[in-house]
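# Structural description and commentary
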Amino acid sequence: MTAASANDIEFRSVTKRYGSVTAVTDINLTVPKGAFVALLGPSGCGKTTCLRMIGGFEQPSEGTVLIDGREMNGVPPYRRAVNMVFQHYALFPHFDVEQNVAYGLKQARPKLASSEISARARQALEMVRLGGFEKRRIHEMSGGQQQRVALARAIVNKPSVLLLDEPLAALDKKLRTAMQIELQTLQRELGITFVLVTHDQEEALSMSDMVCVMNAGRIVQMAKPQDVYDKPADLFVADFVGKTNRIMATVEADGATLRLSNGTALPAGSGLKPGVATVALRPEAIELARQAGRDGGVLAGTVTHRIFLGSTAEYQISVDGLGDFLVTADRRSVQESDLVEPGERVVLTFDPGKVHVFPA
Ligand SMILES: Nc1ncnc2c1ncn2[C@@H]1O[C@H](COP(=O)(O)OP(=O)(O)OP(=O)(O)O)[C@@H](O)[C@H]1O
Ligand SMILES: [Mg+2]
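Everything numeric in this text was worked out from a predicted model, so none of it was measured.

### Some points on the sheet that holds strand β16 (residues 299-309)
- Read across the open sheet, the 5 strands follow the order β15-β19-β16-β17-β18; overall the sheet is antiparallel. Each having just a single partner strand, β15 (287-290) and β18 (323-330) make up the two edges of the open sheet. Strand-to-strand twist across the sheet, computed as the mean angle between neighbouring axes with direction ignored, equals 45°.
- Note that β16 and strand β19 (residues 345-349) share 4 bridges and pair antiparallel. Among the inter-strand pairings, T302 is bridged to a residue of β19, identified as R345.

See the structure below:
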């Protein structure tokens, strides 16, 4: 194919095996030009393997990887218009910070003037908040600082695709948030395609246009962040992305009633098949009220723990006949006098439309 593709990256039925280990199975994925896609999943699910196949550091056992519409099988990393920030930073230990960042620019042909190389390296270091560290040796930098050097080294070349493997994992929360904003701004400004690998769901949801959730070597859902959260494709996604309460239930023969395992009946959504199911309910979809003087509520229980998390409070509730539930209350919308205490009896109310039903 010679015409430029609308997609920067495409996986067609890609499987990768290492000896007897199958790292990823039948991956189909398209990353449009200029998109910010996050690969999200637990340790060992195959995220790095996918990234390495885009970068050319691994070859698929089956299937095809395309970059800008061109098949890449057999094309070495240095012939691909991508740059990768590795999970383990892979810096040159005998170079100083600026030399590490400038390395790629020095290889550019036609040659760049040394003043330009230095200016661009310093600009990239400013971007990752390491201005002033140019002459430090790598072993004199902390883990988080080294991670940022690796980031600067990748962005300095202005590649059309940037592959980021857990690029912020070593940073503290504050710096991490600052770098997340910095990376997003950079991506928008330069129009670069980003593929970010992370096992941090907050990072994936907050930064990317599309989240690709992986489990055990397969893609289980690819959707906009909000849809991954609000419409999880299966129980794995519901559990992995955000917190969730699980309830065993049965969809009754009429298909219109959802019977929770403690006997509570809820109206079932349409299109459900009768049979055993698991119900997932987000902690913030539940409202708590004191039981005394109230009737109604969908479920009843006793508060067992309350954890303050700053702007929100998390409750653990032992629900009658169903066991432990997690409930989150936004403290801005709750009067101090309405905050319930451990030991109190409470009723739990939620919109039945907010429950997700997954057949067993
Ligand atoms: N070179 C290799 N040889 C054999 N098995 C490998 C190799 N690289 C990865 N694997 C296996 O392939 C699977 C996927 O690994 P991968 O590194 O892609 O996971 P990951 O999602 O990046 O995990 P993490 O979040 O821990 O970095 C794992 O089971 C891993 O043990
Ligand atoms: Mg990895």
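### Examining the packing of helix α2 (residues 97-107) against helix α4 (residues 143-155)
- Closest axis-to-axis distance for the α2/α4 pair is 7 Å, and the angle between their directions is 30°. Regarding the angle of α2 to α4, the classification is roughly parallel. The two elements α2 and α4 meet at a crossing, and its hand is right-handed. Contact with α2, carried on its side by V97, N100 and V101, involves V149, A152 and R153 of α4 and no other residues of that element.
- Split by residue class, the contact of α2 with α4 holds 4 nonpolar, 1 polar and 1 charged.

### A few points about the nonpolar core
- Grouped together as the largest cluster of nonpolar side chains are 44 residues, with contacts concentrated most on V101, V128, V149, L151 and F194.
- No other element matches α4, which puts 6 residues into this core.
- Not counting residues up to four positions away in its chain, the partners in contact with F194 are A35, F36, V37, L162, L164, L183, L186 and Q187.

### Thoughts on the domain arrangement of the chain
- We note that the domain assignment places domain 1 (7-239) and domain 2 (243-359) within the chain.
- With 10 residues of domain 1 at the contact, the number on the domain 2 side is 8 residues.
- Roughly 840 Å² of surface becomes buried between domain 1 and domain 2 when both sides are summed, with 50% attributable to carbon and sulfur atoms.
- Three residues, Y229, L235 and D239, lead the burial of domain 1 against domain 2; their summed loss comes to 63% of the area buried on that side.
- The tally of links from domain 1 across to domain 2 stands at 1 salt bridge.

### Things to note about the environment of P60
- Here P60 shows up in the loop between α1 (47-55) and β4 (62-67).
- Considered as a pair, P60 and G275 are 215 residues apart in the sequence and their alpha carbons are 40 Å apart.
- Setting aside its immediate chain neighbours within four residues, P60 contacts V14, T15, K16, M53, V65 and N73.

Here is what the cut-offs are and how they apply
Residues numbered from 1 in each chain as written. Chains lettered and ligands numbered in written order. Predicted model: local features only at pLDDT ≥ 70, side-chain atom pairs only at ≥ 80, totals over all residues. Heavy atoms only, no water. Pairing = 2+ DSSP bridges. Helix = DSSP H or I, 4+ residues; strand = E, 2+ residues; numbered from the N terminus. Axes fitted to C-alpha atoms, helices over the stretch in contact; angles between N-to-C directions. Parallel < 35°, antiparallel > 145°, perpendicular 65-115°, else oblique. Left-handed = near helix turned anticlockwise from the far one by under 90°. Contact = heavy atoms within 4.5 Å. Nonpolar A, V, L, I, M, F, W, Y, C, P; charged D, E, K, R; others polar. Core = buried A, V, L, I, M, F, W, Y, C linked by side-chain atoms within 4.5 Å. Buried < 20%, exposed > 50% of the residue type's maximum accessible area, 1.4 Å probe, protein only. Domains from an automatic or database assignment. Buried area = accessible area lost by both parts, 1.4 Å probe. Salt bridge = Lys/Arg side-chain N within 4 Å of Asp/Glu carboxyl O.

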